2 protein chains.
Amino acid sequence: MAAQGAHDFMIGLNAVIVAVVGDEPCVLVVPNSREDPSREGLAALPFGPFEPGRHRTLDMGLRSWVAAQTGLRLGYVEQLYTFGDKGRDPREVQGGSRVISIGYLVLTRPPEPDPASATQWRNWYAFFPWEDWRRGRPVALSERIEPRLRQWIKAAGNRAEERERAERAAVSFGLDGAGWSEDLVLERYELLYEIGLVEEASRDRGKTSDASIGFSGPMALDHRRILATGISRLRGKIKYRPVVFELMPPEFTLLHLQRLVEALSGKRLHKQNFRRLVEREGLVESTGTIETRTGGRPAVRFRFRREILAERSAVGFKLPSVAARRG
Amino acid sequence: MAAQGAHDFMIGLNAVIVAVVGDEPCVLVVPNSREDPSREGLAALPFGPFEPGRHRTLDMGLRSWVAAQTGLRLGYVEQLYTFGDKGRDPREVQGGSRVISIGYLVLTRPPEPDPASATQWRNWYAFFPWEDWRRGRPVALSERIEPRLRQWIKAAGNRAEERERAERAAVSFGLDGAGWSEDLVLERYELLYEIGLVEEASRDRGKTSDASIGFSGPMALDHRRILATGISRLRGKIKYRPVVFELMPPEFTLLHLQRLVEALSGKRLHKQNFRRLVEREGLVESTGTIETRTGGRPAVRFRFRREILAERSAVGFKLPSVAARRG
DNA sequence: TCAATATATACTCGAATTGAGCATAGTGGA
DNA sequence: TCCACTATGCTCAATTCGAGTATATATTGA
């Protein structure tokens, strides 16, 4: 009875590998050629099969091929979600074996750029332009998404459905004064997918007509959904765990730290309150040295107090927002 | 190339099905006979294989066999985590095919008891007695766990390791005034497992000597870990999403609601502040009717405002604690 | 050299939230 | 009628949060 219920599965591990380059949150992508020849050129998340013979645990499998493929030193690794929808991977249609993919979030520091490598760091907002509010409300939102959302609401069959659609759109996208919640990345993506506003929606439905809004392009397979899951998780996590330091150099100024949190959360923060918060939580300590290249008064350099990871349920950043006004 | 990397896997779906019976948080267990004959009688989480031919998505697979096995109407379903450690399931040793199991959290309301059914609802604190602080600090913690933790700390090889162990124990178990965090259920379980204080630790290591503290017993395979994951997730979730209502009858008094939140979080809450919070968030509305069987002044009955699920990022309960004193 | 312009850091102030407890209101039962 | 019990209303101080103002110390360019 041991093999009862066993099937020919392929278990893939997909990694959302995040690093912050400059002030931009980036994700590691590879050109999608081997995996899905019909879509050569599309960006894809790094992928590796889970080989049960070689790896005792899923995490070890992931670490092993990521290290081999990228040479990165992985800081923080967290399992995200397991995706198993039929048809998410064209390979299974040909071969018959179902592809299950387990998404992982990996935080690391940007390495030296290696021109020889096929992998590259891409600003994640290239895939989700509506998620970056650091320079005010994204134009893509006002000019392209919002009108289409309102269209979709109107197109409801009856009053009740219309109300429901309106509520849903309002919550996800902060319409009608509902307020934008930065960690609803996945909900927003799924709504856009559902109503056919992202490219992969029409692709997956096999349509030729494309009502999508033509952003910088989809990713291979369901990788944009996995990436959305990763961003959602990370945006949520920084609020209650000090994970951002995995993305930071060992020493930094408070503004440097703030810019990084802003990059991830996609919104501007109130500087004085941010510093108050960070210092009150005791997350960092001064190194005593001074950073002079600030273009103004020199800033004290800080380092992360690693001890705190073990201390009382170390918290994260409360994101003291500021009305997004100037750049 | 389609089947390249495909292996003979068995993908199992394990469900942590939660309902609150009386004032106790319960989980649905089945006697573990079919699945692991060597351990007949151990409680196991309901389990079903994922059959890719029959189900388009993992969620649908889960819903299908849970409904078939239990007849329950599933309210809330959430994927927890995917477990794939080698050796977590003895079947794979015999058969060769690796077992991957995807854990799910399911919230439901307690059904009519059905004596004919092999499934039964078990108080989850039977498996985690140290997690119930509603009647003060659990004796199991003071009398059995804490001494063993201190032993383990002392047994460290050197000063640094000792400090590290002390920190870890202090954080997880709130020793030395560090404060108990109710949602570290999984961390606590893993620490206990690691240092061999739970039964399955020695079992899994193939030892005959058993240094475990002999609580009400382990569960089959790694099911206690999965259950710990579920409890952790649920305890965390109630703080920022109104999921508890999936466990409540349609109408209830505020004390009733409070008792349920207390049951899940394992600690007592401050009554007046709890009510203030619930009302301020607008989570509930009065039905106008009165519950008289309270043994005191009658209480107003409330109902959950379902609309709020769609409204502004509906929050959960902030758990206004109270110093655990009287019962 | 000095003003303009940065950024860094300190401090303030009112509003809102939290933690804790007191006080009063309705019940049923001895 | 008094008591035990639960429900519900209200207060109050401590803390946190949001939004500034004010001051410090650099660089840059006229």
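Look a little higher up for the structure.
Residues numbered from 1 in each chain as written. Chains lettered and ligands numbered in written order. Predicted model: local features only at pLDDT ≥ 70, side-chain atom pairs only at ≥ 80, totals over all residues.

Of regular secondary structure, chain A possesses nine helices and ten strands. Taken across its 327 residues, chain A has 38% of its residues classed as buried. Pairs at least 24 apart in sequence give 65% of the contacts found in chain A among residues at least 6 apart. (Helix = DSSP H or I, 4+ residues; strand = E, 2+ residues; numbered from the N terminus. Buried ≥ 20, exposed ≤ 12 C-beta atoms within 10 Å, placed from the backbone. Contact = placed C-beta atoms within 7 Å.)

Here we come to the sheet that holds strand S9 (residues 284–291) of chain B. Residue and element names in this part refer to chain B. With antiparallel pairing, three strands are arranged side by side in an open sheet as S8-S10-S9. This sheet does not close on itself; its edge strands, each paired only once, are strand S8 (251–253) and S9. If you compare each strand with its neighbour and ignore which way they point, the axes differ by 40° on average. Taken strand by strand, helix H8 (residues 254–265) contacts S8 and strand S10 (299–304), and its axis lies near 90° from that of S8. (Pairing = 2+ DSSP bridges. Axes fitted to C-alpha atoms, helices over the stretch in contact; angles between N-to-C directions.)

So, on to the packing of helix H3 (residues 139–154) of chain A against helix H4 (residues 159–173) of chain A. Residue and element names in this part refer to chain A. Packing of H3 against H4 leaves a shortest axis separation of 9 Å and a crossing angle of 160°. The orientation of H3 with respect to H4, classified from their angle, is roughly antiparallel. Here Ile-145, Leu-149, Trp-152 and Ile-153 of H3 lie close against H4, whose contacting residues are Glu-162, Arg-165, Ala-166, Ala-169 and Phe-173. In the contact of H3 with H4, the residues fall into seven nonpolar, no polar and two charged. (Parallel < 35°, antiparallel > 145°, perpendicular 65-115°, else oblique. Nonpolar A, V, L, I, M, F, W, Y, C, P; charged D, E, K, R; others polar.)

Helical geometry note: an α-helix holds 3.6 residues per turn, so side chains three or four residues apart project in the same direction. Within helix H5 (residues 185–194) of chain A, burial applies to Val185(A), Arg188(A), Tyr189(A), Leu191(A), Leu192(A) and Tyr193(A). Phi for Gly196(A), located one or two positions after H5(A), is positive at around 80°.

This next bit is on helix H8 (residues 254–265) of chain A. Residue and element names in this part refer to chain A. Between its terminal C-alpha atoms H8 stretches 16 Å, which fits the 16 Å expected from twelve residues at 1.5 Å a residue. Residues Leu-257, Gln-258, Val-261, Ala-263, Leu-264 and Ser-265 constitute the buried set of H8. Trailing H8 by a residue or two, Gly-266 shows a phi angle of about 75°, which is positive. (Expected span 1.5 Å × (residues − 1).)

Right, let's talk about the nonpolar core for a bit. One finds Val16(A), Leu227(A), Val16(B) and Leu227(B) to be the most contacted residues of the largest nonpolar core, which totals 148 residues. Non-local contacts of Val16(B), meaning those with residues more than four positions away in its chain, are made with Val27(B), Leu45(B), Gly103(B), Tyr104(B), Leu105(B), Val106(B), Ile226(B), Leu227(B) and Gly230(B). (Core = buried A, V, L, I, M, F, W, Y, C linked by C-beta atoms within 7 Å.)

This part takes up the protein's contact with DNA strand D. Residues in contact with DNA strand D amount to 25 residues; listed here are only the nearest, Gln272(A), Arg297(A), Gly296(B), Arg297(B) and Val300(B). The set of elements that each furnish at least two residues to the surface near DNA strand D consists of helix H9 (271–281) of chain A together with H8, helix H9 (271–280) and S10 of chain B. Here the surface near DNA strand D takes three residues from H9(A), the largest share from any one element. Here the surface near DNA strand D is built from residues that sort into nine nonpolar, twelve polar and four charged. (Near = placed C-beta within 6 Å.)

All names here are of chain B. Their axes nearest at 10 Å, the elements H8 and H9 cross at an angle of 105°. Here H8 lies roughly perpendicular to H9, going by the angle between them. Taking contact as the criterion, the partners of Leu-254, Leu-257 and Gln-258 in H8 are, on H9, Lys-271, Phe-274, Arg-275 and Val-278. In the contact of H8 with H9, the residues fall into four nonpolar, one polar and two charged.

Paired through their backbone hydrogen bonds, the strands of a sheet run either parallel or antiparallel. Residue and element names in this part refer to chain A. Ordered by their spatial adjacency, three strands build an open sheet running S8-S10-S9, and the pairing between neighbours is antiparallel. Of all strands in the sheet, those bounded by a partner on one side alone are strand S8 (251–252) and strand S9 (284–291). Across five bridges, the pairing between S9 and strand S10 (residues 299–304) is antiparallel. Its bridge partner lying in S10, Glu-285 is registered against Arg-303.

Moving on, we come to unusual backbone geometry. Glycine aside, residues mostly have negative phi angles, and peptide bonds mostly take the trans form. Residue and element names in this part refer to chain A. Residues other than glycine seldom take positive phi values, yet Leu-221 does so here, at roughly 45°. Its location among the elements puts Leu-221 in the loop between helix H6 (199–204) and helix H7 (223–237). The class for Leu-221 is buried, based on 28 C-beta atoms found within 10 Å.

Tracing the backbone shows Val278(B) in helix H9. Placed 16 residues apart in sequence, Val278(B) and Glu262(B) show a C-alpha to C-alpha distance of 14 Å.

Quick look at the pairing of strand S2 (residues 24–31) of chain A now. Residues and elements named next belong to chain A. In this sheet, strand S7 (residues 120–123) lies alongside S2 in antiparallel orientation, the contact comprising four bridges. Pairing of Leu-28 across the sheet is with Trp-121, part of S7. Alignment of S2 against strand S3 (residues 43–44), held across two bridges, turns out to be antiparallel. Its bridge partner being in S3, Val-30 is matched across the sheet by Ala-44.

Next up on the list: the environment of Glu285(A). Residue and element names in this part refer to chain A. Along the chain, Glu-285 falls in strand S9. On the basis of neighbour count, Glu-285 is assigned to the partly exposed category, with 13 C-beta atoms found within 10 Å. Taking the C-alpha atoms as reference, Glu-285 lies 14 Å from Pro-249; in sequence the two are 36 residues apart. In contact with Glu-285, other than residues within four places in its own chain, are Phe-302, Arg-303 and Arg-305.

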